Amino acid sequence: MTVLLRPRRLRTNPAMRRLVAETRLHARDLVLPMFVKEGIDAPHPIASMPGVVQHSEASFPGAVREALAAGVGGIMLFGIPAVRDAAGSAGTDPDGVLQRALRTARSIVDSEVAAGTSQGLVVMADTCLDEFTDHGHCGVLDDQGRVDNDATLPVYAAMAVEQARAGADVVAPSGMMDGQVAVIRDALDDAGFGDVAILAYSAKYASAFYGPFREAVDSALQGDRRTYQMDAANGREGEREADIDLAEGADMVMVKPAGSYLDVLARVAERSDVPVAAYQVSGEYAMIEAAAANGWIDRRGAILESVLGIRRAGANVVLTYWATEIAAWLAADA
Ligand code: PBG
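The rules behind each value
Residues numbered from 1 in each chain as written. Predicted model: local features only at pLDDT ≥ 70, side-chain atom pairs only at ≥ 80, totals over all residues. Heavy atoms only, no water. Core = buried A, V, L, I, M, F, W, Y, C linked by side-chain atoms within 4.5 Å. Buried < 20%, exposed > 50% of the residue type's maximum accessible area, 1.4 Å probe, protein only. Helix = DSSP H or I, 4+ residues; strand = E, 2+ residues; numbered from the N terminus. Contact = heavy atoms within 4.5 Å. Near = heavy atom within 4 Å. Polar contact = N/O pair within 3.5 Å; in protein donor to acceptor, adjacent residues only side chain to side chain. Areas by Shrake-Rupley, 256 points an atom, 1.4 Å probe, with all protein chains shown as cover. Nonpolar A, V, L, I, M, F, W, Y, C, P; charged D, E, K, R; others polar.

Turning to the nonpolar core, a few remarks are in order. Formed by 108 residues in total, the largest nonpolar core has its most connected members in F35, I75, M76, L77, L188 and L199. Ranked by the residues each element gives to this core, the list is headed by helix α4 (residues 149-165), at eight residues. Apart from the residues within four sequence positions on either side, M76 is in contact with V31, L32, P33, M34, M124, A125, D126, A172, L199, Y201 and L319.

In structure tokens, the structure reads:
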């Protein structure tokens with residue numbers, strides 16, 4: 001007699017489904033990206049990212065404390081300076097807005113950990129020039145207006161050192177300049193920051209899904225980033241980028257965006273012997289929020305499914321604008 005195989009048996013009730021779930025979400029796997037803007041006195045909503053704000057320097061500490069209380073694993077900080085120039089000087093200024101935000105976050109985290117009121121979280125900094133340049137590109141330009149890879153490298157190195165000095169546990173080069181991980185590693189080591197880790201945005205694609213982020217950072221960019229960010233058509237090249245960053249000393253690698261690149265994420269996770277992160281970007285956030293606001297999808301269900309899918313594909317760490325909210329849901333469910 002042939003046996004009818006019944007996988008449905010393990011789906012019969014919630015307790016059974018909960019027991020056999022292969023992939024689980026934990027607050028500690030989530031990283032919250034945060035925007036801090038210089039010179040505003042109240043948080044500024046980002047229209048294309050309902051629920052996400054540009055923090056003022058006064059509203060930012062409260063959001064860090066919320067993330068800590070919710071138990072999220074880390075925060076990724078972006079700074080929006082009041083003044084931009086061609087060289088992106090505010091990015092390397094020891095007292096620039098991002099460095100100030102890092103110092104604030106560092107002291108909040110350290111004091112809560114010392115007081116035993118939280119387990120802490122990892123403070124990360126975006127290491128890139130696009131928020132700081134008046135042309136909005138991720139690097140400095142040559143005399144013909146092209147992004148100059150090799151002239152950008154020392155600027156990234158200086159920026160990473162300032163971020164480390166301001167208290168970053170992790171610097172995250174996201175500009176897709178060749179050689180960026182190696183120069184940053186060298187500079188950090190030379191400056192005595194051997195313990196500061198590098199999360200490399202290794203396979204970062206030129207993506208339409210970054211649209212709302214441009215509003216989030218008041219981006220000055222005209223045109224696109226296709227001469228440095230990757231072509232959506234290429235998966236094998238994503239693996240190569242990750243290999244190069246690992247060879248240059250990256251401690252973790254990232255695939256970005258997440259949702260449309262789950263195959264790349266799975267391939268990179270398969271071949272990397274370091275933790276792999278994925279960034280659920282602004283457009284992924286905006287699409288779910290917009291559909292949910294219209295009543296077209298179940299908001300919570302879609303959010304959890306989207307993040308679970310990213311974890312299932314192989315991400316150890318997920319950057320998501322819902323990090324604090326998801327963490328609170330998970331705590332309530334536990
Ligand atoms: C570059 C950077 C970008 C994002 C993160 N880091 C923008 C870009 O590359 O154009 C996008 C994040 C998002 O869309 O949520 N500093």
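Text resumes after the structure shown.
So, about the site of the ligand. Close to the ligand lie 17 residues, the nearest being D130, R214, K256, S282 and Y321. Take R214: an N or O atom from its side chain is 2.6 Å from an oxygen atom of the ligand. R225 places a side-chain nitrogen or oxygen 2.8 Å from an oxygen atom of the ligand. In isolation the ligand has 410 Å² of accessible area, and contact with the protein removes 100% of it. For the shell around the ligand, the class distribution of residues is seven nonpolar, three polar and seven charged.

All right, on to the environment of A266 then. Among the structural elements, A266 can be located in helix α8 (residues 262-271). Spatially, the C-alpha atoms of A266 and V255 are 9.6 Å apart, while their sequence positions differ by eleven residues.

As far as function goes, none of this settles anything; it's purely spatial.
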